[in-house]
Every structure is written in C-alpha cells, then in structure tokens.
Amino acid sequence: MARLLLAVTMIFGLWLTSSDAFSKVDVICMMQNCPNEALSCANDWDCATAVTCVSSCGAEQKCVVGCLNAYANDVFDNFTKCAVTANKCINLNKPDLPFKCSKPGKMVTELELSQLDGKWYKLGGSNSLYDCYDCQLHHYAASAPGANTTTVQVDYLVKGVQGGLQLKTIHRQVSQPDPANPGILVQDYAFNGLASLAEWRVLYICDTCHIALMYYCGDIDVYGFQGMALFSRQPKISKFERRVLWLWGYDISNFCHARTKHCPY
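The structure presented is a predicted model; accordingly, all values stated were derived computationally and were not measured.

Caption draft 1: Just the state of the cysteines, in detail. Under the counting rule described, the total for this entry stands at nine disulfides. Paired through a disulfide, Cys-34 and Cys-82 show a sulfur-sulfur distance of 2.0 Å. The chirality of the disulfide connecting Cys-34 with Cys-82 is left-handed, given an S-S dihedral of about -95°. With Cys-34 in the loop between helix H2 (27–33) and helix H3 (35–42) and Cys-82 in helix H6 (residues 74–86), this residue pair connects regions lying 48 residues apart in the sequence. Here Cys-34 falls in the buried class, since its relative accessible area comes to 0%. Relative accessible area serves as the criterion here: at 11%, Cys-82 is assigned to the buried category. At a sulfur-sulfur separation of 2.0 Å, the disulfide partner of Cys-57 is Cys-63. Between Cys-57 and Cys-63 the sulfur-sulfur dihedral comes to about -65°; the bridge is accordingly left-handed. Among the residues examined, Cys-63 registers a relative accessible area of 27% and is labelled partly exposed.

This is how it looks when you write it as structure tokens:
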C-alpha cells in the first residue's frame, strides 16, 4: 500500500511538472510530506479537475480564481495547504508585472473593533473579481471594549461548473496592529488552502446609517489584489446613504453590484 501511495504521488507530481502554471514542482517533497493529500486529490474528480484547470492558467490570476471557485473543495484545500503553503513542494508562477498597492492615506481616525460586531452585507466594490459574488455576508465575532483582535466569517455563493450555486466559507483572523492608526485592519486567512494576508483600511463607517466603506490590498500566495468595498447592515443601500458617501468624497457609481436577495442565510 505504501509503495502504491508513493507511486501515485510521483506520477501526480510528474504530471504537474508539465504545467507552466508552476515554477517549481518538487516530486520528492510531495512524496515525503504530502503523499496522502496527493493521493486523495488524484482520486477526487473535483480536486483533480481543479488542479488541471489551474495548470492551464499560467500566471493569470483571473483564470486561477475562476478554477478555484468552480472546482475547489476540502480535498483540494488540504492538498494545496500541504504541498503549496506548508511544505513549498509546489510554487505558483509569479505574474510578469510586480503588483503594487495604491493605499489611500485618508481613513477613519477612531475605530473600535466592536463597531464591526455582527453581520455586514457586502454590496459590491471596485474589483469585480472579488467584490461581486452572490450573497456575500461578513459576520464579525463580538469584541470586548478595547480589544485589538477578532474573527470574521465570510460566506458567499459561487456558480458550480455543473450548475447551481455552492456555498463558500472563509474564516479570517482580524487584528488592529497600530494604535496610532486604528482604521488599519490586518486579515490573515486561507483561500482554498493558499495563504492570504490583506490590509484593510476603513475609509468611512457610520454607526447611525449602518454603512462602511473599506479599501483592501493583499495577496493570495503570489497573486496581489486590491479594491474598495461597500458594506451595509442592510441588504441594500438607500439614496440618502449614497448621498452621504458622495459628500464624503466617495463615488460608488462604478462599483459592481453583488446580489443580496433570496440568499439562503
């Protein structure tokens, strides 16, 4: 059985070396550290298809994210966590152009994490690749007064390759690292097994009108991303709230819009 496990891992690894999506595939590393995860992935249709799909993407982030949304499952997450994130047996190809954030200097000067407690609908944003999944809900855990760490559960729906919608859930660790800049939040999480770290800047938050506007910038393994996202305690934004944002200098007319109606949660 052990020999079969190693043989399948070796064949799986050698197949990955033929792809231009990966700059390194260390088959020996996979055989030593991730044989069970590789075997499980090779025997799982969705996981193997996800790997095949990603293999065809080169360094194109939109293609990779599309593959992960369509096919990735827990088996794939375990494989990438072991082979890519934990043991560096596989390295993804970096995009040709280096990514650089364009962080806004303007943000809130006062923020308690407890202001974020509870549910926030993500209504849309400036990055259509990440901001406009159906039924995006961010649920922040309750924070004690003065706390500088919390967690947020992000739920959203993606279209499956065989039709229908499937629920995706990401659990993020949130910290407020700089007391001098409380509007800066750092979110640490895994996206389909790939390590991700992002800085979020709270540009505007209104406790009475229940909306928040945030800028984010981060990376998923080798892929950089940034955008500006609109959140609300309600599944839609009113004309008054749009006016408030406009008066504060934020025009959201070009944001993509996420569906928030008829959600299963």
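Next comes the rest of the description.
Caption draft 2: Highlighting empty space enclosed by the protein. All chains considered together, the criterion is met by three cavities of 30 Å³ or more. Approximately 190 Å³ is the volume found for the largest cavity. Lys-122, Tyr-130, Tyr-133, Arg-172 and Tyr-189 are, among the 15 residues lining the largest cavity, the residues nearest its centre. Counting only elements with at least two residues in the lining of the largest cavity, the list comes to strand S4 (134–140), strand S5 (149–159), strand S6 (165–175), strand S7 (184–191) and strand S9 (211–220). Partitioned by chemical class, the residues of the lining of the largest cavity number eleven nonpolar, two polar and two charged. When its volume is computed, the second largest cavity comes out at roughly 130 Å³. Every residue lining the second largest cavity is counted, 13 residues in all, and those nearest its centre are Phe-22, Val-54, Phe-76, Thr-80 and Leu-92. Put simply, the parts of the chain that give the lining of the second largest cavity at least two residues each are helix H4 (45–55), helix H5 (61–71), H6 and strand S2 (90–92). Residue composition of the lining of the second largest cavity, by class: twelve nonpolar, one polar and no charged.

Caption draft 3: A look at the packing of H3 against H6. Close contact between H3 and H6 brings their axes to 9 Å; oriented N to C, the two are set at 145°. Judged by the twist between their axes, the crossing of H3 over H6 is left-handed. Listed contacts from H6 to Glu-37, Ala-38, Ser-40 and Cys-41 of H3 are Val-75, Asn-78, Phe-79 and Cys-82.

Caption draft 4: Structural detail: the pattern of salt bridges. Applying the stated criterion across every chain, the model contains four salt bridges. For Arg-259, the salt bridge is made with Asp-134, and the minimal N-O distance between the two is 3.6 Å. Of this pair, Arg-259 sits in the segment after strand S11 (256–257) while Asp-134 sits in strand S4, and the two are 125 residues apart along the sequence. If you follow the salt bridges from partner to partner, you end up with Lys-103, Glu-199 and Arg-201 in one network.

Caption draft 5: Representation of the packing of aromatic side chains within the structure. In the structure shown here, the tally under the stated rule is seven aromatic pairs. Taking the centre distance of 5.2 Å and the plane angle of 45° together, the rings of Tyr-130 and Phe-225 count as tilted. Note that Tyr-130 is positioned in the loop between strand S3 (118–125) and S4 and Phe-225 in strand S10 (residues 223–232), a separation of 95 residues in sequence. Accessibility expressed as a relative area gives 11% for Tyr-130, which makes it buried. Overall, Phe-225 belongs to the buried group, its relative accessible area being 6%. Linked through ring pairs, Tyr-130, Trp-200, Tyr-216, Phe-225 and Phe-231 together constitute an aromatic cluster. If you follow Arg-172 out to its NZ or CZ, it ends over the ring of Tyr-189, 4.3 Å from the centre.

How each quantity is defined
- Along each chain, the written sequence defines residue order, and numbers are assigned to residues from 1.
- Predicted model: local features are reported for residues with pLDDT of at least 70 only, side-chain atom pairs are reported and counted for 80 or more only, and whole-chain, interface and lining totals are derived from all residues.
- Heavy atoms throughout the structure, all of them, feed into the side-chain values; hydrogens and water do not.
- We call a pair of cysteine sulfur atoms a disulfide whenever their separation is within 2.5 Å.
- Secondary structure elements follow DSSP: runs of H or I no shorter than four residues count as helices, runs of E no shorter than two count as strands, and numbering proceeds from the N terminus.
- Think of it in three bands: with a 1.4 Å probe and only protein chains considered, a residue is buried below 20% of the maximum accessible area for its type, exposed above 50%, and partly exposed in between.
- Cavity: a set of points on a 1 Å grid over the protein atoms alone where a 1.4 Å probe fits but cannot get out. Pocket: an open set with protein on both sides within 12 Å along at least five of seven lines, its lining residues, like those of a cavity, having an atom within 4 Å of a point.
- Grid points are joined across faces, edges and corners, and a volume is the space filled by probe spheres set on the points.
- In this classification, Asp, Glu, Lys and Arg are treated as charged, Ala, Val, Leu, Ile, Met, Phe, Trp, Tyr, Cys and Pro as nonpolar, and every other residue, Gly included, as polar.
- Axis lines are fitted through C-alpha atoms, for helices just across the contact stretch, and the angle between N-to-C directions can take any value from 0 to 180 degrees.
- Left-handed describes a crossing in which the near helix is turned anticlockwise from the far one by less than a right angle; the clockwise case is right-handed.
- Between two residues, a contact is recorded if the distance between any of their heavy atoms is within 4.5 Å.
- What makes a salt bridge here is a side-chain nitrogen of Lys or Arg within 4 Å of a carboxyl oxygen of Asp or Glu, nothing more.
- Classification of ring pairs rests on two measures: the distance between centres of Phe, Tyr or Trp rings, Trp counted by its six-membered ring, which must be within 6.5 Å, and the angle between planes, read as stacked under 30 degrees, edge-to-face over 60 and tilted in between.
- Two conditions define a charge located above a ring, namely a distance within 6 Å from the ring centre to NZ of Lys or CZ of Arg, and an angle within 35 degrees of the ring normal.

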